[in-house]
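For reference, the chains in residue letters:
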Amino acid sequence: MNAVIQVRSSDGRKWKDVTCVGLSPIRFDKGPSSCECSSGCSCRTRLHVTGGSSGIGKCIAIECYKQGAFITLIARDENKLLQTKKEIEKYSVNDKQVVLCISVDVSKDYEQVENVLKQAQEKLGPVDMLVNCAGTSVTGKFEDIEVNSFERLMAVNYLGSVYPSRAVIATMKERRMGRIVFVSSQAGQLGLFGYTAYSPTKFALRGLAEALQMEVKPYNVYVTVAYPPDTDTPGFAEESKTKPLETKLISETSSVCQAEQVARVIVKDAIQGNFNSSVGSDGYMLSILTSGMSPVTSITEGLQQVVCMGIFRIIGLFYLGSFDSIVRRCMMQREKSESADKTE
Ligand SMILES: NC(=O)C1=CN([C@@H]2O[C@H](COP(=O)(O)OP(=O)(O)OC[C@H]3O[C@@H](n4cnc5c(N)ncnc54)[C@H](OP(=O)(O)O)[C@@H]3O)[C@@H](O)[C@H]2O)C=CC1
Ligand SMILES: CCCCCCCCCCCCCCCC(=O)[C@@H](N)CO
């Protein structure tokens, strides 16, 4: 049930109609005063974004700040955090808005993560939406990737999403409201050459999200898993430096997205409480194709899956065929140049 509520500025002047999302009261308050919805809440969405100092996470923070949210940025590098805070503050829509920075490694120590999130909530009030966006990637052939990279990626990308979520979930259930977003990847929907260390960490988020969603739905807490395609960010630039040729060629199948666009889609889906969030036509097909036993948010979504699954599988098989031939071609090319080297 969506109710439109009115937000007024402190001088009583009507500010703007905003949509109060009824049973799932995540909304953005553009005005400086509290909202007038029947639940009597103070209606200022508090957003925590891990990985909020760069790339997609930063753009999610900006997108929400522009809509009146209070933001807590969580990442390790303090300078980057402070710089991003300044950048975000340019987009303020009222003079009460706050951007808080927390420097912590989300993957190291659960107690520490719990403590800093507690401190943030003491300052700003309980969190309404947690976006788990901290993450990193390592690409390469399976045998070339350091063993400790497998451990590190699992720690950052998976446990780094478990810890903050585990730290806020009890309060969300008590308040009977909240959103948890996991930023997976298209590489969390299908396994591709070069992603043997990265993909499993992103697949893991899907399992976590499905199980958690079933637990918290009766408490009006909604979980979203986002599956972005390649996106133009500092992290992506870093990854591209050491990407195998095969991975590059396969990835070129779909174009690189802008972080702002990806962030807009994720924020919209999270506010609506959609379990699945994808960008672009490849993203749409992949999400239908891999819908498995994940929850649906509307009948239309379920119907689309039923109707399109078969045809998308056929399209998918063609994609897989072309990926296999890229890999084979690269192998032959490499063998050719190796044997040429030997005969020289
Ligand atoms: N860009 C892309 O092509 C895609 C990215 N994704 C996913 O989206 C997310 C964001 O990616 P992107 O914007 O490219 O990444 P960036 O590398 O640009 O930003 C990563 C952010 O995470 C923070 N971070 C990294 N490790 C930790 C840690 N251990 N503890 C706390 N914070 C940490 C970084 O800050 P600091 O280093 O200071 O800690 C930074 O703020 C990742 O999970 C990524 O896997 C998914 C699909 C595509
Ligand atoms: C029937 C539909 C078939 C669709 C095929 C889609 C092809 C996908 C190609 C590339 C995906 C790679 C994404 C990884 C992004 C990522 O997570 C890293 N860049 C992180 O830095």
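Identification of the chain as 3-dehydrosphinganine reductase from Geospiza fortis is taken from an unreviewed UniProt entry. On record in UniProt, under Sequence similarities (unreviewed entry), the comment for the chain is "Belongs to the short-chain dehydrogenases/reductases (SDR) family." Word for word, the UniProt comment on the chain under Function (unreviewed entry) is "Catalyzes the reduction of 3'-oxosphinganine (3-ketodihydrosphingosine/KDS) to sphinganine (dihydrosphingosine/DHS), the second step of de novo sphingolipid biosynthesis."

Before going further, it helps to spend a moment on the environment of Thr 201. Within the secondary structure, Thr 201 is located in helix α5 (residues 199-216). On a C-alpha basis, the gap between Thr 201 and Gln 97 in space is 34 Å, while along the polypeptide they are 104 residues apart. Beyond its immediate chain neighbours, meaning those up to four positions away, Thr 201 contacts Leu 153, Met 154, Asn 157 and Tyr 158.

On to the sheet that holds strand β7 (residues 178-183), then. The 7 strands are arranged β5-β4-β3-β6-β7-β8-β11 in an open sheet whose pairing can be described as parallel. In this open sheet, the two strands that pair with only one neighbour each are β5 (99-103) and β11 (276-278). Averaged over all neighbouring strand pairs, the angle between strand axes comes to 15°, with direction disregarded. In this structure, strand β3 (residues 46-50) lies alongside strand β6 (residues 129-132), joined through 4 bridges in parallel fashion. Among the inter-strand pairings, His 48 is bridged to a residue of β6, identified as Leu 130. Against the sheet, helix α1 (residues 55-65) engages β3, β4 (70-75), β6 and β7, with an angle of about 170° to β3. Here α5 sits on the sheet in contact with β7 and β8 (221-227), set at roughly 165° to β8.

A word on the site of ligand 1. The local shell around ligand 1 holds 31 residues, among which Gly 51, Gly 55, Asp 77, Gly 135 and Gly 235 are the closest. Mapped onto the shell around ligand 1, the elements with two or more residues apiece are α1, α4 (147-175) and α6 (234-241).

Another point: the pairing of β8. On a regular strand, each side chain points to the face opposite its neighbour's, so the side chains alternate between the two faces of the sheet. Most of β8 is tucked away, with 7 of its 7 residues classed as buried. On β8, burial covers both faces: Val 221, Val 223, Val 225 and Tyr 227 on one face and Tyr 222, Thr 224 and Ala 226 on the other are all buried. Where β7 and β8 come together, 6 bridges link them in parallel fashion. The partner of Val 181 across the bridge, within β8, is Thr 224. Read from β7 through α5 to β8, the crossover connection turns out right-handed. Examined bridge by bridge, β8 and β11 share 3 bridges and lie parallel to one another. Residue pairing across strands places Tyr 227 opposite Ser 278, the latter belonging to β11.

What counts and how
Residues numbered from 1 in each chain as written. Chains lettered and ligands numbered in written order. Predicted model: local features only at pLDDT ≥ 70, side-chain atom pairs only at ≥ 80, totals over all residues. UniProt positions renumbered as here; feature names shortened; annotations may be inferred. Helix = DSSP H or I, 4+ residues; strand = E, 2+ residues; numbered from the N terminus. Contact = placed C-beta atoms within 7 Å. Pairing = 2+ DSSP bridges. Axes fitted to C-alpha atoms, helices over the stretch in contact; angles between N-to-C directions. Near = placed C-beta within 6 Å. Buried ≥ 20, exposed ≤ 12 C-beta atoms within 10 Å, placed from the backbone. Right-handed = clockwise from strand over helix to strand, strands pointing away.

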